[in-house]
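These are the residues of each chain, in order.
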Amino acid sequence: MHDINNQSAIPNSLNPDESKSDQITPDSLSNYSLSEIADLINILKTRNLELLRENQRLNAELSFTESPAGKERSERETRIIYQIIQGVSTTANLNELLTLIHSSLSELLYAENCFVALYNDESDLFSFPYHIDKYDPQPDPSPMYKSCTTYVYQTGKPLLLSQEKFDELVELGEVELVGENSPSWLGVPLVTPSKTIGVLVLQHYEESDVYSERDVQFLDSVASQIAIAIERKRAEDALHESEEMFRILFDQSADLCLLLEDSGFTKVNASTVSALGIKSMDEILHKFPSDISPEKQPDGTLSTDKAKKMVKHALKEGYHKFEWTHLRADKSELPVEVMLTPVRFKGKQYLYSLMRDISERKAAEEEINHKNELLTSLLKEKDKFFSIIAHDLSSPFQTFWGLTEMMTDDDADYTHEEYVEMSKKLNKLARNLYVLLRNLLEWAQMQKGAMDFEPESFNISDVLDPIIETSLTRCEQKGISLINTIEPEISLLADKKMVNSILMNLISNAIKFTSRGGSVSVSGKTINDSTIEISVTDTGIGMTKDKLKKLFKLGEKTKSEGTDGELSTGLGLMLCKEFVEKNGGKIRVESKPGIGSKFYFTLRKSKGT
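Note that the structure is predicted; figures quoted are calculated from it, not measured. (Residues numbered from 1 in each chain as written. Predicted model: local features only at pLDDT ≥ 70, side-chain atom pairs only at ≥ 80, totals over all residues. Heavy atoms only, no water.)

### Here's the deal with the environment of F400
Positionally, F400 belongs in helix α9 (residues 359-407). Exposure remark for F400: the relative accessible area of 26% places this residue in the partly exposed category. Measuring from C-alpha to C-alpha, the distance between F400 and K425 comes to 8.3 Å, with 25 residues separating the pair along the chain. (Helix = DSSP H or I, 4+ residues; strand = E, 2+ residues; numbered from the N terminus. Buried < 20%, exposed > 50% of the residue type's maximum accessible area, 1.4 Å probe, protein only.)

This is how it looks when you write it as C-alpha cells:
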C-alpha cells in the first residue's frame, strides 16, 4: 500500500520533483486501490484550489500595481525608502532619524503608535530609543521575555498579528501580553547584512485588520534600509559623543593640551594659552615645540634635536613621558611634564600632547636640595663646633682638676699665700666654665626649638641696669671704666630673655678683651620710628680682618684669651646673632687691631617710645 500522505505519490504535474517514470497512467491505476485513488483526487482538488487562489492573488496584485492606485502606492513606497536613505545624512542624530522614519511611514501606513526596540548583546536587554504610544509610556531597557517583539526578533520574520493569531501564540506558550492589548499589531525585524539589531512595531488599539499583506511586505522590505540607517546613525552618534567628550576634556582640562601634526600644533586649549602667557591660540598654532622653547633643554641638548627624538620614541613605543622646558611670552622658563601619545583620527596621524606645569614641583625639589645641602653643611659645622667646644671644655677642666688635686694633697706643704693664689685660679676657671656652659645650654635650646620666643614691651633699663651693676665688679678688678649712655625710658618690643643674653655676652666680651685703663661704653640711637640701634664699644685689643670673617659662623675656631687670661670660644657671639635675628634685627661689627671693637645690633622699638 502506498502512503497517500507522501508527496511522491502525487502526479508529476503537481510534484515537480517526481520523475516522468512515476507519472500516473491508465495502466498504472491498477496498482492503486479505490480509496487511494479517491485520496489522490481530493489532493488534486485541494492543490488546484490553492493554485487558483494564488493565481487570483497575483492577478489582483498585478491589476492593483498597474492601476492608478497601485502605481501611486508604489511611488509612495519608493519615496519613503528614498526619504529614509536620505535621512541618514540629513539628520543630526538617531532620534531625529527615527522621527523622520516614523513621519515617512505615516504617509502610507497607520503609525500613530510606533516604537523601535533595539537589542543589546552585552546587557541582553531591549532599549527603546523611539517610542510613540497613546497608552503605554516609554519603557526602560528590559529583557521583554515573551513579548511579541521578542518573538519577531528571535524568529527573524515579520509578524502580522490578529487577535486570533495572538491567542494561538499564547496557547503555544510563545508570547504573552505586554502592555495594552492591540487588535492590529505589525512587527518586522530590523536586519543588517551581519545580524538582527531589533524590531520595528506599528499597532492600532481600536480596530482590527488595519494592516494588509502588502503593508507587511513593504515594511519588511524597507526594514533592512531602516536597520542599516539606524546602525550608521548610531555609529555617527557614538563618534560624535566621543568627539564631544574629547573636546570637553581637551578644552576644559587644567593641564596643557595640544595636538601636534606635520604642520605643527593645530589645536591647543585655554590652559596652554594661560600657562604660556600669550594672548590667543593663534600665537602658537602651526608652531613646533622647539619654536616655543629655549635653544637648549636643561640637559644641554638642543631643543630641536631633543623634540625629534621624543616624537620618534612616542611613535615607536605608542607613548612617551618626559620633562621639557618651554618659554613663556615674557621669556621666563616653564618646566612641564609631557605625556606624548600618537592617535589616528579619520585616517590622519596626530600626536596628543598632555603637559603638566611642574614649576611648583621643581621649586620644591630645588628647595629640598638646597635644604639638604644646608643641613649637610650644618651637620658638618656642628661636628666641627662640638670638637672645638670639647677641646675648650677639656683644657680648663684639666687645669681645674689639677688644682683641686694639689689642694687636697695631704703631703703638700703650701703656704697661705699659695692657697689663696690657687683659689683665685679656681675661681677664674669656674667663672669661665660657667659662662661657657651657660652659652652652650642656651645655644642648644635655641637649636632644638626648646627656647620660646615671647616678644613683649619693656624699658631697656630693666635689662641693662642689672648687667651693668654685675659687670662693674669685674671692671674694677681690671681697672676698666664702664659707661652707659642709653636713655633709660627707651622701650623695646622684643624677647626680654634674649635681649638680656645679647647685652650680657657683648658687654662681657668687651670687658674680657680690654686692657687695664681702657673703657667699655654702651650707647644707642634711633634709626627710625620703629628701630633703635644699640652699640657696645671697647678700647681693647681689636681683631684682624681674617678673624672678623670667622665671627658669627658655626664651626669656625675663634678661640682666644682675654687680656686677663679669660676663656673665649666665640659661642656667645653666635648666640647674639641668632637672638638678634630672631627678634627681627641685624648685628655687625667694626674692629681694628690695637684700637678696639664696636658691635652694633638693631631691635624694634615699642610704640609710643
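### Side note on the sheet that holds strand β15 (residues 531-538)
Strands sit in the order β12-β14-β15-β17-β16 across an open sheet of five strands; the sheet is mixed. Of all the strands in the sheet, the pair left with one neighbour each is β12 (481-484) and β16 (587-592). Across the sheet, the mean angle separating the axes of adjacent strands is 15° when strand polarity is ignored. Here eight bridges tie strand β14 (residues 519-528) to β15, and the two strands are oriented antiparallel to one another. Paired with V520 across the bridge in β15 is D538. (Pairing = 2+ DSSP bridges. Axes fitted to C-alpha atoms, helices over the stretch in contact; angles between N-to-C directions.)

### Side note on the pairing of β15
With seven of eight residues buried, β15 is to be regarded as a mostly interior element. In this antiparallel pair of consecutive strands, β14 and β15, the connection spans two residues. For β15 and strand β17 (residues 596-604), the ladder comprises eight bridges, and the chain directions are antiparallel. Counted as the bridge partner of E533 is T602 from β17.

### Concerning the nonpolar core
Of all hydrophobic cores here, the largest spans 38 residues; its most connected members are I507 and F601. Of all the secondary-structure elements, those providing two or more residues to this core are α11 (461-478), β13 (491-495), α12 (496-512), β14, β15, α14 (571-582) and β17. Residues in contact with I507, not counting those within four places in the same chain, are L464, I467, I468, S471, L482, V522 and V536. The next biggest cluster of nonpolar side chains, apart from the first, holds 31 residues, and it includes I84, L97, V116 and Y130. (Core = buried A, V, L, I, M, F, W, Y, C linked by side-chain atoms within 4.5 Å. Contact = heavy atoms within 4.5 Å.)

### Focus on a positive patch on the surface
Together, K545, K549, K553 and K592 make up a region of like positive charge exposed at the surface. Under the relative-accessibility criterion, K545 is labelled exposed at 69%. (Patch = residues over 30% accessible without salt bridge, like charges linked within 9 Å, V, L, I, M, F, W, Y side chains within 5 Å. Areas by Shrake-Rupley, 256 points an atom, 1.4 Å probe, with all protein chains shown as cover. Salt bridge = Lys/Arg side-chain N within 4 Å of Asp/Glu carboxyl O. Lys, Arg positive; Asp, Glu negative; His and termini not counted. Charge placed at Lys NZ, Arg CZ, Asp CG, Glu CD.)

### A word on the packing of aromatic side chains
Applying the stated rule across the entire model yields seven aromatic pairs. Centroid distance F126 to Y153: 5.5 Å. Interplanar angle 90°. Geometry classified as edge-to-face. Separated by 27 residues along the polypeptide, F126 in strand β2 (residues 125-132) and Y153 in helix α4 (residues 148-155) bring together distant segments of the chain. Taken as a pair, F126 and Y153 share a single burial class, namely buried. Arranged with centres 4.8 Å apart and planes meeting at 85°, the rings of Y135 and Y205 form a pair that is edge-to-face. Placement of Y135 in the loop between β2 and α4 and of Y205 in the loop between β5 (196-204) and α6 (213-252) is noted, with a sequence separation of 70 residues between them. Since its relative accessible area comes to 8%, Y205 is described here as buried. An aromatic cluster is defined as three or more aromatic residues linked by ring pairs; in this entry it consists of Y119, F126 and Y153. One cation-aromatic arrangement involves R588 over Y600; the distance from NZ or CZ to the ring centre is 3.8 Å. (Phe/Tyr/Trp six-rings, centres within 6.5 Å; stacked < 30°, edge-to-face > 60°. Lys NZ or Arg CZ within 6 Å of the ring centre and 35° of its normal.)

### What to know about a negative patch on the surface
Among the surface-exposed residues, E164, D167, E171 and D209 lie close enough to one another that they form a single negatively charged patch. Take D209: it is sitting in the loop between β5 and α6. For D209, a relative accessible area of 66% puts it in the exposed group.

### Notes on the pairing of β17
Burial runs high along β17: seven of the nine residues are buried. Relative to β17, β16 runs antiparallel, the two sharing six bridges. Residue pairing in the sheet places S591 in a bridge with S597 of β17. Connecting β16 to the next strand, β17, in antiparallel fashion are three residues, including G594 with a positive phi near 80°.

### Some remarks on α4
The buried count for α4 comes to six of eight residues, which makes it a mostly enclosed element. Of all the residues in α4, the buried ones are C148, T149, T150, Y151, V152 and Y153. On its buried face, α4 sits against β1 (113-120), β2, β3 (159-161), α5 (163-171), β4 (184-191) and β5.

Scope: geometric values only; no functional claims are made or implied.
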